[in-house]
Structure formats: C-alpha cells, structure tokens
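An overview of the molecular structure
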Amino acid sequence: MRKILAGLAGVGLALTLTACGSEEIPADSVYANQGALVGISMPTKESERWIADGDAMVEQFKAMGYTTQLEYSDNTAQMQQQQVKSLIDKGSKLLVIAAVDGSQLTDQLKLAASKDIDVIAYDRLLTETQDVGYQATFDNKRVGEMQAQLLVDRLDLNANDDKTYNIEWFAGSKTDRNAKSFYDGNKAILQPYLQSGKVKILSGERSFKVMTTEGYSGKVAQDRMTRLLDEYYQDENVDAVLSPYDGMSIGIINALKEKGYGTAEKPMPVVSGQDAEIPSVQSILNNEQTATIFKDTRELAKVAVEQGNALLTESEPIVNDTTTYDNDVKIVPTYQLNPVQVDKSNYKTLLIDSGYITEEELKAKA
Ligand code: GAL
C-alpha cells in the first residue's frame, strides 16, 4: 500500500487525502509530508537561468501540493549558509540546493541530516559531505565536449592542411565542481589538436587552476580576455575562445569588440557558451557568439521535483548514474539530462518552438 501511495503524483495524492479525512492519517505515514515546506536555495539572480530554475521548481512543487520557500544567495557562500540554516529552522522537509560553493555547506547539511531533512543537489554537486541524497544535473562532461567540438567543427580542425589556429581557454568558478567537468570535457576533445600543434594557446594558460573565473563573472572574464589580447595578440589574431558559460561569453565578446574584432578585417573568433540565456541568443543572432549549450531548466526542475516528491513520499527517486559524481565522501546518485548545442540554425526549433524563450523576449532586450 505504501509503495502504491508513494507512486501517486502529488496532486492525486492531495485529492485522495482530502477524501480520506486527514485526522485518520498516522503521523509516520507517507501522508506526513503532505503540503510540506520545500526549501530551495539558488546561487544568484544575476543569471537568468537560476531565476528560471527557481521559478520552475516553485511552480512544479506547488502543483504537487507542497509549499515552497525560494532563496537566492548573491553568489556568496556565507549568505547561502545562513539561508540554508534558516530554511532548516523554518521546518523544511526537503532542501534543493544549487551551491555557490559545493564544499561550504557541510555543517548545514549535517544539521539537516540530524533532523531527517532530505537534500537534493541541484545542477551542482554538494561536495565533502555524507549528507546529500541525490543529484539532478546535466551530463557536465558532455557539455564540455560539445563546447570544444564547436571549435573543431567551425575551425575545421580536421582539414588536411597546414593551417594552425590560436585559441584561448576559460574555465568557470573553482568552487563549482561542474567547472572542472566542463574543463575535462573541453580537454578530452582539444588535446590531440594541442599536441599536434594544429591549435595553439599563445598565452600558454591552459591548466584549470590558471583559467578559473570567480563566480563565472562576465566582468572577470572580460578583464582576463583584455589582458590576453594586450599581452599576446598584438601581432596575431585569436581564432576561437572556449568559454564555459554565456555570461562569460558576453564579457569576452565585449573585450574582443573593444580591440576591433567583429569586422571584415578582423572577424569575431568562434566563441562557445552555455545556458541559452537571452543576451547570448541575441548575440548569436547578431553573429557574435557562435553557439551556446541549451540545458532545459524546465526539465531539470522536473527531475529535481520528481526526486523530491519521491523522497517525501518514501519511494525511490529516479537516477540514471551511480558512478560519476564522487563528492569526495560518497558517490551521489544522480539523474543526468542531455545537453544540446544551439546555434543560429536550430535556435528557433529548440528555444522558441519549445516555449523556452519567446520572440518578444529576444526582441525586447536587443
Ligand atoms: C554551472 C552550471 C552552468 C552555468 C554556470 C554558471 O554550475 O552548470 O549551466 O549556469 O554554473 O551559472
């Protein structure tokens, strides 16, 4: 019976409950979490994607009869610690967290565990802790591979000729484990071309440590790109820039434009990205950014909400990966979704027709 009840969708469950009369429900049954508070903690409102993620989860949890509290922590680990603590104090039964710094919530998660609060790592791994149950994310290494494959395809690196190309390489925040996965994916694809000399990095900056970007900040990326252009590209042009995230790509493109790129004599390099944020889709349509990786936040939210509902109703959360996400204490059972490359040729079908972005939004902010 428990299993069957647990399998019911939340809305259906809520209806069944009303019909039964809640006073008959034993406190320790699966009904105990009906209408429970779900605490959602997201890293920043500066990026559209996290706003979309938060909104999608609130909507979906509410449709299942839960109550929600959504917090954003201004890209500050300390603020997120306080917010998570307060979500616990307010009586959350489930926490869904996209961490600013995956390793800085250990104490709060310990407290959550002591109160039997379930924890889902959202998009980003919660590291150095036992106290995380599941993760919902995208195939992060694949994201990195696709970003680098864009360079291979657009520069035609497999052509049988003597041409060589200059690229520069950026990584995300060192406090986010995904950043390393993106880098690893980039590297898996790029390595042979770097080894053969087909691709050169004039700055020589190619280790993860030297190329991370605090908070995935567009400004920090812009400053680094400006420095690289000043120091290494007085006599040569850069042909591609490997950027892990749209907000950074915009900063990088600003730096390039300031140095005269984007003209017939000095074409815009190939520039990758991630998240299909509106400014980047506009930039793609404007022939500046080359492509982005679309990770449908509605789908990610759906997975996290399904996992959360399963935990709250004592059934098995969905997972499809039980080997990859080692958080230094345990392997976190994960459901990975597939990312998709988006460029000018397919943005309409993938982003507009699917309702992820509207034509009006693209025009409005242009
Ligand atoms: C990563 C996430 C990316 C991007 C980036 C910057 O953790 O997987 O999709 O959003 O953070 O926010």
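1. Comments concerning the packing of aromatic side chains
On inspection of all chains with the given rule, the structure shows five aromatic pairs. Ring centres of tryptophan 169 and tyrosine 183 lie 4.8 Å apart, and the angle between their planes is 20°; on these two criteria the pair is classed as stacked. Linking tryptophan 169 in strand β6 (residues 165-169) with tyrosine 183 in helix α7 (residues 177-196), this pair joins segments that are 14 residues apart in sequence. Relative accessible area serves as the criterion here: at 1%, tryptophan 169 is assigned to the buried category. Judged by its relative accessible area of 6%, tyrosine 183 is buried. Seen from their ring centres, tyrosine 216 and tyrosine 245 are 5.8 Å apart, and the 85° between their planes marks the pair as edge-to-face.

2. A few points about the domain arrangement of the protein
Taken as a whole, the protein is organised into domain 1 (2-132 + 297-337) and domain 2 (140-294 + 359-365). Taken residue by residue, the interface counts 16 residues in domain 1 and 13 residues in domain 2. One can count three salt bridges joining domain 1 with domain 2. A salt bridge links aspartate 176 to arginine 124; the nearest nitrogen and oxygen atoms lie 3.4 Å apart. For the pair domain 1 and domain 2, the number of links is 12 residue pairs in polar contact (both at pLDDT 80 or more). For the side of domain 1 that touches domain 2, a count of residues per class yields three nonpolar, six polar and seven charged.

3. Brief notes about the pattern of salt bridges
Applying the stated rule across the entire model yields 20 salt bridges. Aspartate 123 is paired through a salt bridge with arginine 49; the nearest N and O atoms lie 3.5 Å apart. One end of the pair, aspartate 123, is in the loop between β4 (118-122) and β5 (134-138); the other, arginine 49, is in helix α3 (residues 48-63), with 74 residues separating them in the sequence. For the pair aspartate 123 and arginine 49, a shared accessibility class is recorded, and that class is buried. Among the ionic pairs, aspartate 296 bridges to arginine 298, the shortest N-O distance being 2.9 Å. Given the relative accessible area of 28%, arginine 298 is considered partly exposed. If you follow the salt bridges from partner to partner, you end up with Arg49, Asp53, Asp123, Asp275 and Lys295 in one network.

4. Quick notes on the environment of aspartate 118
Structurally, the position occupied by aspartate 118 is in strand β4. Since its relative accessible area comes to 26%, aspartate 118 is described here as partly exposed. Each C-alpha atom, one on aspartate 118 and one on tyrosine 66, is 14 Å from the other, the two residues being 52 residues apart in sequence. Sequence-distant contacts of aspartate 118, defined by excluding residues within four places in its chain, comprise Lys93, Leu94, Leu95 and Leu311.

Rules and cut-offs
- Residues numbered from 1 in each chain as written.
- Predicted model: local features only at pLDDT ≥ 70, side-chain atom pairs only at ≥ 80, totals over all residues.
- Heavy atoms only, no water.
- Phe/Tyr/Trp six-rings, centres within 6.5 Å; stacked < 30°, edge-to-face > 60°.
- Helix = DSSP H or I, 4+ residues; strand = E, 2+ residues; numbered from the N terminus.
- Buried < 20%, exposed > 50% of the residue type's maximum accessible area, 1.4 Å probe, protein only.
- Domains from an automatic or database assignment.
- Contact = heavy atoms within 4.5 Å.
- Salt bridge = Lys/Arg side-chain N within 4 Å of Asp/Glu carboxyl O.
- Polar contact = N/O pair within 3.5 Å; in protein donor to acceptor, adjacent residues only side chain to side chain.
- Nonpolar A, V, L, I, M, F, W, Y, C, P; charged D, E, K, R; others polar.

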